[in-house]
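# Coordinates in review
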Amino acid sequence: PPLPGCLTDVELQKDLLRYRFGFQDADIVTLTGQKATREAIELAFLEHLIAQAKPGDVVIFHFSGYGSVGEGKEVFIPSNGTENALIKENILLMARCLATDKFSLIFDSSHLPQNRTYLGNLKIRSYPSSVANLNPAELTFAADIKTRFNLKNKPSNGVILAAAKPEQIALELSG
């Protein structure tokens, strides 16, 4: 089911970046609805963040939506479905490719599958079930990134904010 709070998150994040931190509209890329596919999210990260960020730049990546687990990995569910789930570790790996260590990754979802969509009047941001099979392209994405970018000893110094620990659920207020 749709999570309308995710669209609210996008608008609030854009306002925060613009009006509190002085980001320009051209520096903000948002993918919502059917545009938020696995391929589009990874391409935006590669082309907008990795290719353009310079040392000292501030980079924010914010995923708001459903999470789950697939093949023992924490995943995020994009608009093109569970068969195209994004592996959390791949996002962390892409963050290590950034030319700046001033980055924040915000994960507003949870990865504990829930067979219900509501907890009282709160919507659960966990997909109802585990993802059975991850996309082969997503499974080889990490190897492709490691080959493309020399990451042998590059540490990750950014900040990661998560709405929930692996054993917790994230909730949103139902409209």
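Notes on the structure in this doc start here. Because the structure is a prediction, the values reported are computed rather than measured.

## Some points on the pattern of salt bridges
- Counted by the stated rule, this structure contains 10 salt bridges.
- A salt bridge links Asp-15 to Arg-18; the shortest N-O distance between them is 3.7 Å. Note that Asp-15 and Arg-18 are positioned in helix α1 (residues 4-20) at a spacing of 3 residues, about one turn of the helix.
- A relative accessible area of 32% means that Asp-15 is categorised as partly exposed.
- Arg-18 sits in the partly exposed class, given a relative accessible area of 22%.

## Quick look at the layout of surface pockets
- By volume, the largest pocket is sized at about 1200 Å³.
- Together, 42 residues line the largest pocket, and Val-10, Thr-30, Leu-31, Thr-32 and His-62 are the ones closest to its centre.
- Put simply, the parts of the chain that give the lining of the largest pocket at least two residues each are α1, α2 (38-50) and β1 (58-64).
- Classifying every residue of the lining of the largest pocket by side-chain character gives 26 nonpolar, 12 polar and 4 charged.
- Taken as a whole, the second largest pocket spans an internal volume of roughly 170 Å³.
- Glu-89, Asn-90, Leu-92, Leu-93 and Ala-142 are, among the 13 residues lining the second largest pocket, the residues nearest its centre.
- Breaking the lining of the second largest pocket down by element, the ones donating at least two residues are α3 (88-96) and α4 (136-148).
- If one sorts the elements of the lining of the second largest pocket by residue count, α3 sits on top with 5 residues.
- A class-by-class count of the residues in the lining of the second largest pocket yields 6 nonpolar, 2 polar and 5 charged.

Here is what the cut-offs are and how they apply
Residues numbered from 1 in each chain as written. Predicted model: local features only at pLDDT ≥ 70, side-chain atom pairs only at ≥ 80, totals over all residues. Heavy atoms only, no water. Salt bridge = Lys/Arg side-chain N within 4 Å of Asp/Glu carboxyl O. Helix = DSSP H or I, 4+ residues; strand = E, 2+ residues; numbered from the N terminus. Buried < 20%, exposed > 50% of the residue type's maximum accessible area, 1.4 Å probe, protein only. 1 Å grid on protein atoms, 1.4 Å probe; cavity = no way out; pocket = protein on both sides within 12 Å on 5 of 7 lines; lining within 4 Å. Points joined across faces, edges and corners; volume = space filled by probe spheres on them. Nonpolar A, V, L, I, M, F, W, Y, C, P; charged D, E, K, R; others polar.

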